[in-house]
Amino acid sequence: MTDLSCNVLVIGAGPGGYVAAIRTGQLGLETIIVEQAAHGGTCLNIGCIPSKALIHAAQEFFAVREASGGHSKLGIRTSDVGIDLAKTVAWKDGIVRQLTGGVSGLLKKAGVRSVQGRARIVDGKTVAVETADGVVRISCRNLVIATGSRPVEVPSLPFGGNILSSTEALSLAVVPETLAVVGGGYIGLEIGTAYAKLGAKVSIFEAKPHILPQYDEELSRPVAARLKALGVAVHVNALVEGYYSDQSMLRVRTGSEVTESAAEKVLVTVGRQPALEGLGLYQLGLDMEGRFIRIDTRGQTSMRGVYAIGDVTGEPMLAHRAMAQGEIVADAIAGHGGGWDKRAIPAVCFTDPELVVAGLLPDQARDTGRDVGVATYPLRANGRALTLERPDGFVRIVFDKPSGLVLGLQAVGAGCSELAGEFALALEMCATLTDIAATIHAHPTLAETVQEAALMGLGKALHA
Ligand code: FAD
C-alpha cells in the first residue's frame, strides 16, 4: 500500500470536481484528484458533449436527406444520401478525446496530481483508492465529494441487451429500425429526436400528461409539434410495464388499456440519481437531503472539512451548476469569502426546437404572491428566424408588474440555446424590462426577440 497526503482531495473529475481541483491548484493548495474513469466525467464523456455531437450530426444528415427527397424550399438538390453511424461515433469520440485531454492538461498546469482508480472513503480525512497497481491510501485536510450521478433503472426494464441507458445510446454502431424512448425529459427527447432524424422510427412514452413535464405546456408545445412533424409517436400518461426481448415488443399501459409497441432498442431515460454507492459514505454519517448530500451555501457538508458539489448535491443536475459549485468550494477551502448567491441557473434542452429557461416560470412567479406580467413574442415576427426557416417558437419574459423587474425568461425555438447567456445575465444584474428594451440588440439576430418581448411588456412593441 502506498501513502500520499495533500491539502485537498477531490473524488471525481467531472465538471464539478475538475473545476474545484484546477482552482485549488491555482490557489496554491496541494491537490489530488481521483477518477475511476476518464477526466471530464459524465458531461464530457457520456453526457453533454457526445449528445450534442450526435444531435448535430443527425441534423446535418436530416437536412441533406430532406433535400434529396426534393423537399428543399431553398432549391438544394442532392442524391445518394446515407450515413455511416460508426464513422459519426468515431468523430464524436474524437471531440470527447480532445476535450478530456484538455481537462487533463489543465489539471497538470494547475499543479494537480491525478490518481486513476476507484475511491472509497475511510474517514473524513482518509480515502483508499483501488488503482491498477494496488491500493493507494490518501490523507487530506479537505475532502471534496464530486462523484456525480448515474441513470435510474426501471425495475421492469433492467439495463442490458436491447435496453439502453443514454451511455449506450450515444455509441450505437447502426441506427435501429425502431427505438422506444421511456421518459420524455430532455435527455430522452434529445437522443430520440436525433435517432428520428437518422431514420429510426421513434416512439416516446411519458408517464406525465405532457413531455418535458417540469415546464409548462405552452413551452413544450412547439417541441411536441416538431416531434409529430418528424414522425415521432409521443404517448403521454403512458406507463411502460415490460419488454419481451424475444419479440422486441414493449408492453405499455395507458389508463386501463394495455398495448404492445415494436422496439428493436429501448432507451430508458427516467432520471438520474447520485452516484454514492460503494463510496463508503455511511462512514461519515453526513446529513442527507433525500438521496442527495446536504450542503450549505459554501458546499460544506455536515462534517467540517468535507465538501460536496455537483449532481450528488441535488437538482438541477447540470454541468454549469457543478462547475459554479466547484469554484465556490475552492474559495471556501482557501479561506476566501463568498458563497452561493446565484439568482439563476439557466437550463437548456437541446431538443428541436431548443428550449431555454432561466429564473421563474409564470406559475412559479405567481406563487410568490407578486403581481406578475408575462410578455410573449413570437419567432415568426423575427427576420433571423425566418431566414433560418424556423419561425416556430417564442420568447417569454416573466416580470414584476409594478417595478418591471425581470423574474424569469424562457424561449423555445431553433438556435435559442444561445439566449441562455443573455437570460442569466439579465437575472444576475437584476434587469428590468426597461434595461432590456433600452439595450441595442444586433440585427438580424434571434436575440432581438428578447428586446421585443421587453418592449411588449412595457406596452411599446414595435414589431408586433
Ligand atoms: P459527473 O460529471 O458525473 O462526474 C463524476 C465523476 O466521478 C465521474 O467521472 C465518475 O467516474 C467519478 N467517480 C464516481 N465515483 C467515483 C469513485 N468512487 N472513485 C473515483 N471516481 C469516481 N448537463 C448540462 O448542463 N447540459 C447538457 O446539455 C447536459 N446534457 C446531458 C446529456 C446526457 C446524456 C447526460 C447523461 C447528462 C447531461 N447533462 C447535461 C448533465 C451533466 O452531465 C451533469 O450534470 C454533470 O456531468 C455533473 O457533473 P459532476 O461533476 O457532478 O459529476
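It should be emphasised that the depicted structure is a prediction, and the values quoted were computed from it without experimental measurement.

Cut-offs used in this document
Residues numbered from 1 in each chain as written. Predicted model: local features only at pLDDT ≥ 70, side-chain atom pairs only at ≥ 80, totals over all residues. Heavy atoms only, no water. Disulfide = S-S within 2.5 Å. Helix = DSSP H or I, 4+ residues; strand = E, 2+ residues; numbered from the N terminus. Buried < 20%, exposed > 50% of the residue type's maximum accessible area, 1.4 Å probe, protein only. Contact = heavy atoms within 4.5 Å. Expected span 1.5 Å × (residues − 1). Axes fitted to C-alpha atoms, helices over the stretch in contact; angles between N-to-C directions. Parallel < 35°, antiparallel > 145°, perpendicular 65-115°, else oblique. Left-handed = near helix turned anticlockwise from the far one by under 90°. Pairing = 2+ DSSP bridges. Domains from an automatic or database assignment. Buried area = accessible area lost by both parts, 1.4 Å probe. Salt bridge = Lys/Arg side-chain N within 4 Å of Asp/Glu carboxyl O. Nonpolar A, V, L, I, M, F, W, Y, C, P; charged D, E, K, R; others polar.

**Some remarks on the state of the cysteines**
No. 1: Following the criterion strictly, the structure yields zero disulfides and no others.
No. 2: Of all cysteine sulfurs in the structure, the one in C6 sits closest to C140, which takes part in no disulfide; the separation is 5.4 Å.

**Brief notes about the side chain of S165**
No. 1: One can find S165 in the loop between β8 (163–164) and α5 (166–169).
No. 2: Owing to a relative accessible area of 4%, S165 belongs among the buried residues under this scheme.
No. 3: Setting aside residues up to four positions removed in sequence, S165 forms contacts with P151, F159, L267 and V268.

**Quick notes on helix α3 (residues 48–68)**
No. 1: Taking 1.5 Å per residue as the helical rise, α3 with its 21 residues ought to reach 30 Å, and the 30 Å between its terminal C-alpha atoms agrees with that figure.
No. 2: Where α3 is buried, its residues meet α2 (41–46), α4 (85–109), α5, α6 (186–197) and α7 (217–229).
No. 3: G70 occupies a position one or two residues after α3 and carries a positive phi of about 80°.

**As for the packing of α3 against α4**
No. 1: At a minimum axis distance of 9 Å, the contact between α3 and α4 shows a crossing angle of 140°. Classified by the interaxial angle, the pair formed by α3 and α4 is oblique. Of the two possible hands of crossing, α3 and α4 adopt the one that is right-handed. Note on element contacts: α4 touches α3 through L85, T88, W91, K92, I95, V96 and L99, opposite I49, P50, A53, L54, H56 and A57.

**Observations regarding the sheet that holds strand β22 (residues 372–378)**
No. 1: Read from one edge to the other, the open sheet built from five strands follows the order β20-β21-β24-β23-β22, with strand pairing classed as antiparallel. This sheet does not close on itself; its edge strands, each paired only once, are β20 (347–349) and β22. Along the sheet, successive strands turn relative to each other by an average axial angle of 10°, direction set aside.
No. 2: Strand direction decides the pairing type here: β20 and strand β21 (residues 354–359), joined by three bridges, are antiparallel. By the bridge assignment for β21, A347 is matched with V357.

**Digging into the sheet that holds strand β13 (residues 249–254)**
No. 1: Taken in spatial order, the three strands make up an open sheet running β12-β13-β14, and their pairing is antiparallel. Sheet topology places β12 (238–244) and β14 (257–262) at the edges, where each strand pairs with a single neighbour. For this sheet, the mean inter-axis angle between neighbouring strands, taken without regard to orientation, is 25°.
No. 2: As paired elements, β13 and β14 share six bridges and run antiparallel to each other. Paired with R253 across the two strands is V258, which belongs to β14.

**Here's the deal with helix α13 (residues 448–457)**
No. 1: Among the 10 residues of α13, eight are classified as buried, and the element is accordingly described as predominantly covered.
No. 2: Among all positions in α13, only E448, T449, V450, Q451, E452, A453, A454 and L455 are buried.
No. 3: Along its buried surface, α13 packs onto β22, β23 (394–400), β24 (406–413), α11 (420–428) and α12 (433–437).
No. 4: Positive backbone phi, approximately 75°, marks G459, located one or two places after α13.

**With respect to the domain arrangement of the protein chain**
No. 1: Domain annotation of the protein chain identifies domain 1 (2–53 + 87–151 + 273–333), domain 2 (163–270) and domain 3 (347–457).
No. 2: Measuring from the centre of the C-alpha atoms in domain 2 to the corresponding centre in domain 3 gives 29 Å.
No. 3: Listed per partner, the contact involves 16 residues of domain 2 and 18 residues of domain 3.
No. 4: Both sides together, the interface formed by domain 2 and domain 3 hides about 1400 Å², and carbon and sulfur atoms give 67% of it.
No. 5: Between E218 and R396 there is a salt bridge, with the nearest N and O atoms lying 2.6 Å from each other.

**Side note on the pairing of strand β6 (residues 134–145)**
No. 1: Strand direction decides the pairing type here: strand β1 (residues 2–11) and β6, joined by nine bridges, are parallel. Paired with T2 across the two strands is V136, which belongs to β6.
No. 2: Two elements, strand β5 (residues 126–131) and β6, share six bridges in a ladder whose sense is antiparallel. Looking at β6, one finds that T126 is bridged to S139.
No. 3: In sequence, β5 turns back onto β6 through a hairpin of two residues.
No. 4: In this structure, β6 lies alongside strand β19 (residues 306–308), joined through three bridges in parallel fashion. Following the sheet pairing, V144 is matched in β19 by Y307.

**Digging into the packing of α3 against α6**
No. 1: Where α3 contacts α6, the two axes come as close as 8 Å, and the packing angle between them is 30°. Taken together, α3 and α6 sit at an angle that is classed as roughly parallel. Crossing hand, α3 versus α6: left-handed. Contacts between α3 and α6 pair S51, K52, L54, I55, A58, Q59, F61, F62 and R65 from the former with E190, A194, Y195, A196 and K197 from the latter.
No. 2: Along the lines of polarity and charge, the residues of the contact of α3 with α6 split into eight nonpolar, two polar and four charged.

**Re unusual backbone geometry**
No. 1: Cis peptide bonds are those with omega within 30 degrees of zero, and the linkage from E315 to P316 qualifies with -10°.
No. 2: Of note, P316 is situated in the loop between β19 and α8 (319–333).
No. 3: Put simply, H443 and P444 share a cis peptide bond, and its omega is -5°.
No. 4: If you trace the backbone, P444 turns up in the loop between α12 and α13.
No. 5: You will see that S248, though not glycine, has its phi angle at about 50°, which is positive.

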